[in-house]
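# Fold and contact review
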Amino acid sequence: MANVTLKINNVEVSAPEGSTILEAARLAHIEIPTLCFLKDINEIGACRMCVVEVKGARTLVTACVYPVNEGMEVFTNTPKVMESRKKTLQLLLSIHRQDCLACVRSGNCELQTLCKDYGVDNSARYQGAMPASEIDDSAAHMVRDNSKCILCRRCIAACEKTQGVGVIGANERGFNTYVGQIFDMELGETSCVSCGQCIAACPTGAIYEKDFTKDAFAAIADPDKFVVVQTAPAVRAAIAEEFGAEIGTNGEGKMVAALRRLGFDKVFDTNFAADLTILEEGTELIERIKNGGKLPLITSCSPGWVKYCEHYYPDMTENLSSCKSPQQMFGAIAKSYLAEKLGIPKEKMVVVSVMPCTAKKFEINRDDQAANGVPDVDIALTTRELARMIKQSGIKFNELPDEGFDDPMGEYTGAGVIFGATGGVMEAALRYAVEVITGKELGAIDFNDVRGTQGIKEAAYQVGDLNVKVAVASGLANARELLDKVKAGEADYQFIEIMGCPGGCVNGGGQPQVPGYIRNTVDVRAKRASVLYNIDKNAKNRKSQDNPQIKKLYDEYLGKPGGEKAHHLLHTKYVKRQVNKDQM
Amino acid sequence: MSKKAGVPFKGTKEQEKQLLEVIAELRDTPGCLMPIMQRAQDIYGYLPYEVQKIISDELRIPAEKVYGVATFYAQFNLNPKGTYKVSVCLGTACYVKGSGPVFEEIQKILGIGDGECTPDGKFSLDTCRCVGACGLAPVMLVNDDVYGRITVDQVKGILEKYN
């Protein structure tokens, strides 16, 4: 593509034709502030934070959408620009409930940061009526407090464009505009899938996960309870960001040390259960292929995806693997096998999970997720909530030694850890299924075709006599595209992996907040995924079937994969839901 | 919290057929949502949840998107009109002559707000801006009947005539 030359603040810059002023300015080492802008999904030029002066233009222009052209002269820091940005912030503050001290986003709120940068403290300037708003806490996983909403519409874009769900939108107009649902239905009554991508997109504290840290602290403090914690693969790939580390830092060792210091009785790993999932799901795949079962088999580890399937593709719930997610498998085994081993009554055991995910909060309360007569998992926390607990407890994360997980449910293989990235479950399952089908040890262990952050990936493998066609999708809008192809008969896969969030769990709705200007320029998904692939590369065991503790679990307790006991503890059922309701 | 339409949906198969025909006719036109909504309102008289859901399902767009458009433009009604359409003029002359308290009294008696309809479908209430009878201010209308120089005390009696 041809380049154009322009001047930004009198400095000559060469930028690809078709770039926006915002992009060209970055090439000149200038960051123009944005609030509403999210690349590809919310390029609407609405908030007017990014205004700049362009020589010859009648008014200030929005840098996020204004294309550059040859000879253009742009000024990003004139008094006129600064004054306009300040006024924008003042106007935003005038309808923003300034509850900054206790706000969950204080410290990483994009509005707060900009107000600080621009010295906007005169919040009384445009004081007046506030739009009416109500708190919606009807969903299992989140709260929306519109009194902190700045109407940037990033959540709406994430819900509709990234996830293809679209249950939230802008209602009414002008001063009365608010983010809401159709006919003001409560969010919990809609077909919201609890993915939390709206939370990840929100620049302020208007949307946040339901906080269960108090419950976790209370369980730990209760001498009658035996509290075990499990951490999902993707948590270790991001938790260190909460303590100042660069995106893509492995925080596993310090996270384990911190969990121990928080007082959990046992610190275990969901990776263990991920290995277990592979044996169950791999076995299910092989059985369905051999016995003419319903194909394609689709993974069921992502509760956001599962709920999406139930609402939007109820005719395909039979394609979902009957396997519970690793979180739930862990809980079911902890409250049976582990409880018996340790001699602790299951009623006294509290299973806490730390997840990169908000849908996990929904999942723990689903039907048929209490294999032992007690809930498999009692409390599901996000990565952010764990970081909050660590901070509140005064534990200096960065100074901690690296520690390892407890036995027996802390042992994992490389196959288990890559569950946290899109394509990871597929690769882990292939490492198992290929060996079972061919009866031979796997030579090349890396399945590179299913790696990477593209929304949809396809591959075909010759496994013995079988030609196995697989596909991987992450982000529910991509899942929709893929499933429509399958339904139209344009593709005949045997196995599909779907993750609710784009890039997989590493980019889940419960992960540390990443401000818009970083999201727009850094491939957060790939950086976090690289942590998991590095762990896998260096792991002693890289196939789930080689996990010695999993072998022991089957030998001592479960029998064989897909066996009766395994079925009772580790498998579940799905329901058919509809999109919103039939009538009000 | 949800804005339930007080009047049960009474759409007929015939109306649904008409709507589906409209959608089939317009669906490939860029920006077809608003024209479809306008025609839907011509068919049903208003745009209840059930109608918005048909539009959403057929166009494969989120229902909330339809609702967002419906609430953005004043021309779209979320509630049906009653047998008796009550409207109160809040134009300048009527307003200074006290139509505000009259409007409040009607809301109190009927139990509905601006743009809404009573659950039995009898009365709907709207505000309007000037009916050209400023000399009679404040003015209220019930269908085509004009009532001028009304006071709060008279409201009950006027509405009772239509029961």
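Residues numbered from 1 in each chain as written. Chains lettered and ligands numbered in written order. Predicted model: local features only at pLDDT ≥ 70, side-chain atom pairs only at ≥ 80, totals over all residues. Heavy atoms only, no water.

The helix and strand inventory of chain A stands at 19 helices and 18 strands. Referenced to the eigenvectors of the C-alpha coordinate spread, the extents of chain A come out at roughly 75 × 55 × 55 Å. The burial tally for chain A puts 60% of its 584 residues in the buried class. Long-range pairs, those at least 24 residues apart, make up 74% of the contacts in chain A between residues at least 6 apart in sequence. Between the averaged position of the 68 positive side-chain charges in chain A and that of its 75 negative side-chain charges there is a distance of 3 Å. (Helix = DSSP H or I, 4+ residues; strand = E, 2+ residues; numbered from the N terminus. Buried < 20%, exposed > 50% of the residue type's maximum accessible area, 1.4 Å probe, protein only. Contact = heavy atoms within 4.5 Å. Lys, Arg positive; Asp, Glu negative; His and termini not counted. Charge placed at Lys NZ, Arg CZ, Asp CG, Glu CD.)

Residue and element names in this part refer to chain A. The strand order across the open sheet formed by four strands is 13-18-17-16, and the pairing between neighbours is mixed. Both edges of this open sheet fall to strand 13 (297-298) and strand 16 (456-463), since each of them pairs with a single strand only. Direction of pairing for strand 13 relative to strand 18 (residues 495-499): parallel, over a ladder of two bridges. For Ile 298, the partnering residue across the bridge sits in strand 18 and is Ile 496. (Pairing = 2+ DSSP bridges.)

Glancing now at the interface of chain B and chain A. At the junction of the two partners, chain B supplies 20 residues and chain A supplies 29 residues. For the pair chain B and chain A, the summed buried surface comes to about 2,300 Å²; carbon and sulfur atoms form 53% of the total. Across the chain B-chain A interface, the total number found is two salt bridges. Close ionic contact of Glu 160 of chain A with Lys 65 of chain B constitutes a salt bridge, the shortest N to O distance being 2.9 Å. On the surface where chain B and chain A come into contact, there are seven residue pairs in polar contact (both at pLDDT 80 or more). Every element with two or more residues in the side of chain B that touches chain A is listed here: helix 3 (49-59) and helix 4 (63-72) of chain B. (Buried area = accessible area lost by both parts, 1.4 Å probe. Salt bridge = Lys/Arg side-chain N within 4 Å of Asp/Glu carboxyl O. Polar contact = N/O pair within 3.5 Å; in protein donor to acceptor, adjacent residues only side chain to side chain.)

What follows concerns the pairing of strand 15 (residues 379-382) of chain A. Residues and elements named next belong to chain A. Both faces of strand 15 are covered, namely the face carrying Ile 379 and Leu 381 and the face carrying Ala 380 and Thr 382. In this structure, strand 14 (residues 349-355) lies alongside strand 15, joined through four bridges in parallel fashion. By the bridge assignment, Ser 353 is partnered in strand 15 with Ala 380.

A few words now on the domain arrangement of chain A. Residues and elements named next belong to chain A. Domain assignment breaks chain A into domain 1 (3-77), domain 2 (93-209) and domain 3 (213-570). Distance from the C-alpha centre of domain 2 to the C-alpha centre of domain 3: 30 Å. Of the residues lining the interface, 26 residues belong to domain 2; the matching set on domain 3 comes to 27 residues. Where domain 2 packs against domain 3, one counts two salt bridges. (Domains from an automatic or database assignment.)

Attention now moves to unusual backbone geometry. Note the cis peptide between Leu 295 of chain A and Pro 296 of chain A, where omega equals -5°. Positionally, Pro 296 of chain A belongs in the loop between helix 8 (270-290) and strand 13. The linkage connecting Ala 137 of chain B with the following residue, Pro 138 of chain B, adopts the cis geometry, with an omega of -5°. The residue Pro 138 of chain B is located in the loop between strand 2 (123-128) and strand 3 (140-142) in this model.

All right, on to empty space enclosed by the protein then. All names here are of chain A. According to the stated counting rule, one finds five cavities of 30 Å³ or more in the structure shown. In this structure, the largest cavity spans a volume of roughly 270 Å³. Together, 24 residues line the largest cavity, and Cys 301, Ser 302, Pro 303, Lys 360 and Cys 505 are the ones closest to its centre. Breaking the lining of the largest cavity down by element, the ones donating at least two residues are helix 8, helix 9 (303-312), helix 10 (326-342) and helix 11 (359-363). Quantified by volume, the second largest cavity comes out at close to 140 Å³. If you go around the second largest cavity, you meet 18 residues; those closest to its centre are Cys 159, Val 167, Cys 192, Cys 195 and Cys 198. (1 Å grid on protein atoms, 1.4 Å probe; cavity = no way out; pocket = protein on both sides within 12 Å on 5 of 7 lines; lining within 4 Å. Points joined across faces, edges and corners; volume = space filled by probe spheres on them.)

A separate point is the packing of aromatic side chains. Across all of its chains, the model carries 13 aromatic pairs over all chains by this definition. Taking 6.2 Å as the distance between ring centres and 40° as the angle between the ring planes, the aromatic pair formed by Tyr 308 of chain A and Tyr 313 of chain A counts as tilted. Assigned by exposure class, Tyr 308 of chain A and Tyr 313 of chain A land together as buried. Plain terms: the ring middles of Phe 9 of chain B and Tyr 44 of chain B are 5.9 Å apart, the flat faces sit at 35° to each other, and that makes the pair tilted. (Phe/Tyr/Trp six-rings, centres within 6.5 Å; stacked < 30°, edge-to-face > 60°.)

So, on to the pattern of salt bridges. Residue and element names in this part refer to chain A. Using the criterion set out here, one finds 52 salt bridges over all chains in the structure. Where Lys 324 meets Asp 376, a salt bridge forms, and the shortest distance between an N and an O atom there is 2.7 Å. One end of the pair, Lys 324, is in the loop between helix 9 and helix 10; the other, Asp 376, is in the loop between helix 11 and strand 15, with 52 residues separating them in the sequence. Each member of the pair, Lys 324 as well as Asp 376, is classed as buried.

Turning to the side chain of Arg 236 of chain A, a few remarks are in order. Residues and elements named next belong to chain A. On the secondary structure map, Arg 236 appears in the loop between strand 11 (226-231) and helix 7 (252-262). Here the side chain of Arg 236 touches Ala 232 through a polar contact of 3.3 Å, landing on its backbone oxygen. Within polar-contact distance, the side chain of Arg 236 engages the side chain of Glu 252 at 2.7 Å.

The next thing to look at is the sheet that holds strand 10 (residues 207-209) of chain A. Residues and elements named next belong to chain A. Pairing is antiparallel across the open sheet formed by three strands, whose spatial order is 6-7-10. Of all strands in the sheet, those with a lone pairing partner are strand 6 (135-136) and strand 10, marking the two edges. Direction of pairing for strand 7 (residues 142-145) relative to strand 10: antiparallel, over a ladder of three bridges. Paired with Arg 144 across the bridge in strand 10 is Ile 207.

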